[in-house]
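A look at the structure
Chain by chain, the residues:
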Amino acid sequence: MNKKEKLLLFDLDGTLYDTKEVNYHAYAAAMQELGYTLDHDDFCKHSNGKHYTEFLPQYGVRREDFSRIHARKKMLYATFLEKARENSSLFMLAEAMKERAYLAVVTTASRQNCLDILQAFGREKLFDAVFTHEDVTKMKPDPEGYLQAMKHFGISQMDTIIFEDSVVGIQAAEAAGAAVLVVDKF
């Protein structure tokens, strides 16, 4: 097989999948187990896509409960995958480019949650690599994940396109020096 000369990098949440409802229900269930409540509309408008250490305090969660809630949320995530929506147009584009470009996911999600959703939708074999928060020391808006993916494949920024949806993700993609395509709805 010839070495591919292009690289397409995809964010997961909000780009490949609308996982707002999955995240809400998994966090709400995890928080409820410890006596906390999570408002649906507030979470969807202000907290979805943020790191749990950023948004849990606004719901009155004690710092000592953060890691327990997050660990439990990761365990519950697969329970709510039927609430996810796939970006079928973006997957169609990825499938069309598979022969000419490497495809990879770069996400701040956990490896387990990323693999869970890709497997649930039968998409795990589409991607040549998956980079998650376990693979980096700095989260978006730092470009570390994107730069790591480019280095992994030996592809320059000039031959890379990044698909992103969030402000911090777009900042990370731009800082990586690649072309950025913003996914704002699907």
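The structure under discussion appears in the preceding block.
The structure contained in this document is the topic of the report that follows. (Residues numbered from 1 in each chain as written. Predicted model: local features only at pLDDT ≥ 70, side-chain atom pairs only at ≥ 80, totals over all residues. Heavy atoms only, no water.)

All right, on to the packing of helix α7 (residues 144-153) against helix α8 (residues 167-176) then. Packing of α7 against α8 brings their axes to within 8 Å, and their N-to-C directions diverge by 45 degrees. Regarding the angle of α7 to α8, the classification is oblique. Read as a crossing pair, α7 and α8 show a hand that is right-handed. Here α7 contributes Y146, L147 and M150 to the contact with α8, which in turn contributes G169, A172, A173 and A176. Looking at side-chain class alone, the contact of α7 with α8 contains six nonpolar, one polar and no charged residues. (Axes fitted to C-alpha atoms, helices over the stretch in contact; angles between N-to-C directions. Helix = DSSP H or I, 4+ residues; strand = E, 2+ residues; numbered from the N terminus. Parallel < 35°, antiparallel > 145°, perpendicular 65-115°, else oblique. Left-handed = near helix turned anticlockwise from the far one by under 90°. Contact = heavy atoms within 4.5 Å. Nonpolar A, V, L, I, M, F, W, Y, C, P; charged D, E, K, R; others polar.)

Buried residues dominate strand β6 (residues 160-164), accounting for four of its five residues. Of the strand pairs in this sheet, strand β1 (residues 6-10) and β6 are connected by four bridges, and their pairing is parallel. Its bridge partner being in β6, F10 is matched across the sheet by F163. As defined by bridge partners, β6 adjoins strand β7 (residues 179-182) across four bridges and the pair is classed as parallel. Each residue of the ladder has a partner; that of I161, found in β7, is A179. (Buried < 20%, exposed > 50% of the residue type's maximum accessible area, 1.4 Å probe, protein only. Pairing = 2+ DSSP bridges.)

Estimated volume of the largest pocket: approximately 1,000 Å³. Along the walls of the largest pocket sit 44 residues, with D13, N48, G49, K50 and T108 positioned nearest its centre. Of all the elements in the fold, those that place two or more residues in the lining of the largest pocket are β2 (17-18), α1 (20-33), α2 (40-47), α3 (52-55), α4 (66-76) and α8. Among the elements that take part in the lining of the largest pocket, α2 stands out by supplying five residues, more than any other. Considered class by class, the residues forming the lining of the largest pocket number 13 nonpolar, 16 polar and 15 charged. (1 Å grid on protein atoms, 1.4 Å probe; cavity = no way out; pocket = protein on both sides within 12 Å on 5 of 7 lines; lining within 4 Å. Points joined across faces, edges and corners; volume = space filled by probe spheres on them.)

Let us look at the sheet that holds strand β4 (residues 101-106). An order of β5-β4-β1-β6-β7 is seen for the five strands of this open sheet, with the pairing classed as parallel. Edge positions in the sheet fall to β5 (129-131) and β7, since each of these pairs with one other strand and no more. Across the sheet, the mean angle separating the axes of adjacent strands is 25 degrees when strand polarity is ignored. Taken together, the five bridges between β1 and β4 define a ladder with parallel strand orientation. Opposite K6, over in β4, you have A101 as the bridge partner. Along the sheet face, helix α6 (residues 111-120) touches β4 and β5 and points at about 140 degrees away from the line of β5.

Our focus in this paragraph is unusual backbone geometry. With an omega of 25 degrees, the peptide bond running from K140 to P141 counts as cis. Of note, P141 is situated in the loop between β5 and α7.

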